[in-house]
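Letter by letter, the chains look like this.
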Amino acid sequence: MSQSLIVHSPSGEILYQYNNKIIPFNDLIGSLVNETSIQLDDNFFTSSINQKRFYCLKRDDIYASLYFDIVTTIDNDKIKSKLQDILKTYIKLTEDLEEDIDEDIQIKIKSLIDHQFNQLMKLQANDDITGNSTPEPVTPMKTPKKVNEKSSGKKAMRKWVDGEMIDQADGVLDFSESKESDGVRADSQQLKVDNMTFKKEKDLVLVNELNDILGQSDDEDDEDETPTSGFLSKFTSYFGSSIDIDEVSKKFHEQLVNKNIAPQTSRQIIDRIKTKLKGKKITLPIFKQTLIDELTKILSPNISTDLLYDIKSKSSRSRPYVISVVGVNGVGKSTNLAKLAYWFLQNNMNVLICACDTFRSGAVEQLKVHVKNLNTLNESNQSQAKIDIFEKGYGGGDHVVATAKSAIEFGTKNDFDVILIDTAGRTHSNAKLMAPLKKFGDAADPDKIIMVGEALVGTDSVEQATNFNSAFGNKRNLDFFIISKVDTVGDLVGTMINMVMATNVPILFMGTGQTYTDIKRLNVKLIVDMLMK
Ligand code: GDP
């Protein structure tokens, strides 16, 4: 099978290419210019030329295009979503650059985009293995089918044995009877549940730790990790003997930057190592171990992340436990808020979701879909807990505060345990947009404020975390981060270091996909291993 990917301008100038198989793209670019390609969705096109199937997504006058030279069985919306990620990565990494893209950025673009493209190709490979080769007719984007034959008609019940969930149908459940009386339809793509996400300890349902290196093939995992592999091989002769600290520092700095740690953060880390090792005999293993210890320390702020314990310890209060979620636009705030809701429902807590993104058109409706999905899943679990939405439509700053206050009143009267408040996404560098957060924080007085930050971001994450952390005034900081989209960056997990080091705010969870069970607890050792690999 052959396939290729390019990022390009409307005229066909290649900005990035996955491999050198780019000549066939001339046909695609011709079909775009002549408008003979089929539009599947907004800015998403397909063409079939010379036995190749092309897909192309446009954003801000930049295109990401790929082709398969055999029939593909991958869903159109999966292809679109991956092309969206690829374009987002490219645009984010290059947007502030005025001149040529320097080598560091080129390496980062290459690792991130190649990783995302390979993830998509793995889907194709899996389909080839399972023999699922029914060609997908090219049709405009359609609402996915709701019924999975395997689980048709089955209402599964949650059962736990030895801390593991059994007897709940895996995969997409049958929600063909899902009501639409309120005009909102559950999204079947998000109704997949992975039972391995949770474990039961006593009467608590806990989120499992990340336990594998996301998106890495087995071969990569088995890579030789002896000190002679990779860039360290250059220093083999130094083993056991003193090293040139400046030269080694430079190499480790490059390594950290290539893992998406911001250059200024990496420099601070390396300076700390140098200070710690001052006056000592420094060998390569000593330098490496000191760096591992430092990264481990950064990712382990001495602050409890036991959210369930905190909620339970405050359950005798009259008011529900209030959590608000903040972050820039599109990072996954509402998706991760819904993941938290799903987890609380597993713990038999009544959850009220409050729609305080009252600016962005469609934001309230988007939350309603999440609540519809969660209600559908909750019914299939035959859960005793309830979930509902509180919204008062759209409006300006005062409307947000009034909505939050009313939601807390409503939640208190109606026996809700937790209120999750979604807030409008805002640009962290725009003081005018950040200012209302303080007013909101003062009025809602959330028990916890969680910032969602994307793993993709890289350098900008330092400023994002710092600005959101200081947005609530002198007496109030962020309590936790959720790092989203960790599934899209492979081992380039440096954003976590950037955000935690800038603020000393701990990571509560990592988002590892788009379903409600794509959530993992931080595994510090694994993340540090990824950074050192
Ligand atoms: P918001 O604007 O911050 O509320 O962002 P949304 O929750 O609407 O998410 C934006 C997009 O990111 C949606 O397409 C989500 O499905 C997707 N998304 C959110 N979290 C993750 C994640 O952990 N992994 C991946 N791959 N996509 C995610």
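Now for a quick tour of the structure.

The rules we used
- Numbering of residues starts from 1 in each chain and follows the order in which that chain's sequence is written.
- Since the coordinates come from a predicted model, pLDDT governs what is reported: local features require at least 70, and pairs of side-chain atoms require 80 or more to be given and counted, while whole-chain, interface and lining totals use all residues.
- For side-chain calculations, the full set of non-hydrogen atoms in the structure is used, while hydrogens and water are omitted.
- Buried Ala, Val, Leu, Ile, Met, Phe, Trp, Tyr and Cys residues that are joined via side-chain atoms within 4.5 Å together make up what is termed a nonpolar core.
- Each residue is assigned to one of three classes by its accessible area relative to the maximum for its type, calculated with a 1.4 Å probe on protein chains only: buried under 20%, partly exposed between the two thresholds, exposed over 50%.
- The secondary structure listing takes helices from DSSP runs of H or I that are at least 4 residues long and strands from runs of E that are at least 2 residues long, numbered from the N terminus.
- The contact rule is simple, with two residues in contact once any of their heavy atoms fall within 4.5 Å.
- When DSSP finds two or more bridges between two strands, those strands count as paired.
- Axis angles are defined between N-to-C directions and span 0 to 180 degrees, where every axis is a line fitted to C-alpha atoms and, for a helix, only to the segment in contact.
- Proximity is defined per residue: if any heavy atom of the residue lies within 4 Å of a molecule or strand, that residue is considered near it.
- Any N or O atom pair separated by 3.5 Å or less is treated as a polar contact, with the protein-specific requirement of one donor-capable and one acceptor-capable atom, and with residues adjacent in sequence counted only for side-chain atom pairs.
- Per-residue and other accessible areas follow the Shrake-Rupley method at a 1.4 Å probe size, with only the shown protein chains counted as cover for residues.
- When residue character is reported, Ala, Val, Leu, Ile, Met, Phe, Trp, Tyr, Cys and Pro are called nonpolar, Asp, Glu, Lys and Arg charged, and the others, Gly included, polar.
- We count a salt bridge whenever a side-chain nitrogen from Lys or Arg sits within 4 Å of a carboxyl oxygen from Asp or Glu.

### Section: the nonpolar core
No. 1: With 122 residues, the main nonpolar core has Phe344, Ile353, Leu420, Phe481, Met496 and Ile527 as its most contacted residues.
No. 2: The element contributing the most residues to this core is helix H9 (residues 333-346), with eight residues.
No. 3: Those residues in contact with Ile353 that sit more than four places away from it in its chain are Leu337, Ala341, Leu367, Val371, Leu374, Ile387, Asp388, Ile389, Phe390 and Leu420.
No. 4: Ranked by size, the runner-up nonpolar core spans 14 residues in total, among them Val322, Ile408, Phe416 and Phe440.

### Quick notes on the sheet that holds strand S3 (residues 38-41)
No. 1: Taken together, six strands build an open sheet; the order of strands is S2-S1-S6-S5-S4-S3 and the sheet is antiparallel. Both outer strands of the open sheet, strand S2 (14-17) and S3, are each paired with one neighbouring strand and no more. For this sheet, the mean angle separating the axes of adjacent strands, direction not counted, is 25°.
No. 2: For S3 and strand S4 (residues 44-49), the ladder comprises three bridges, and the chain directions are antiparallel. The residue bridging Ile38 from the neighbouring strand is Thr46, located in S4.
No. 3: Helix-sheet contacts for helix H1 (residues 25-33) involve strand S1 (3-8), S4, strand S5 (52-59) and strand S6 (62-68), and the interaxial angle to S4 is about 125°.
No. 4: Here helix H2 (residues 76-94) sits on the sheet and contacts S1, S2, S3, S4, S5 and S6; the angle it forms with S5, its principal contact strand, is near 50°.

### Quick word on the site of the ligand
No. 1: Around the ligand there are 16 residues in total, and Lys333, Thr335, Gln366, Asp487 and Gln514 lie nearest to it.
No. 2: Note that an oxygen atom of the ligand is positioned 2.8 Å from one of the side-chain N or O atoms of Ser334.
No. 3: Gly513 has a polar backbone atom sitting 3.2 Å from an oxygen atom of the ligand.
No. 4: Protein contacts shield 82% of the accessible area of the ligand, which totals 590 Å² for the unbound molecule.
No. 5: In terms of residue count, the dominant contributor to the shell around the ligand is H9 (five residues).
No. 6: Residue classes in the shell around the ligand are distributed as one nonpolar, eleven polar and four charged.

### Description of the environment of Asp479
No. 1: Of note, Asp479 is situated in the loop between helix H14 (460-470) and strand S18 (480-484).
No. 2: A C-alpha to C-alpha distance of 5.9 Å links Asp479 and Ile450, two positions 29 residues apart in sequence.
No. 3: Excluding its chain neighbours within four sequence positions, the residues that come into contact with Asp479 are Asp447, Lys448, Ile449, Val505 and Pro506.
No. 4: A distance of 2.7 Å separates the side chain of Asp479 from the backbone nitrogen of Ile449, its partner in a polar contact.
No. 5: Here the side chain of Asp479 touches Arg476 through a polar contact of 3.0 Å, side chain to side chain.

### Section: the environment of Lys21
No. 1: Relative to the assigned elements, Lys21 resides in the loop between S2 and H1.
No. 2: The spacing of Lys21 and Leu5 is 16 residues in sequence and 8.4 Å in space, taken between C-alpha atoms.

### A look at the pairing of S5
No. 1: With six of eight residues buried, S5 is to be regarded as a mostly interior element.
No. 2: As defined by bridge partners, S5 adjoins S6 across seven bridges and the pair is classed as antiparallel. Paired with Arg59 across the two strands is Ile62, which belongs to S6.
No. 3: Hairpin connection, S5 to S6: the antiparallel pair is bridged by two residues, and Asp60 has positive phi, about 50°.

### Re the pattern of salt bridges
No. 1: One pass over the full model with this rule turns up 20 salt bridges.
No. 2: For Asp447, the salt bridge goes to Arg317, with nearest N and O atoms at 2.8 Å. Separated by 130 residues along the polypeptide, Asp447 in the loop between helix H13 (436-444) and strand S17 (448-454) and Arg317 in the loop between helix H8 (307-313) and strand S13 (321-326) bring together distant segments of the chain.
No. 3: Accessibility expressed as a relative area gives 32% for Arg317, which makes it partly exposed.
No. 4: Lys525 is the salt-bridge partner of Asp529, the closest N and O atoms lying 2.9 Å from each other.

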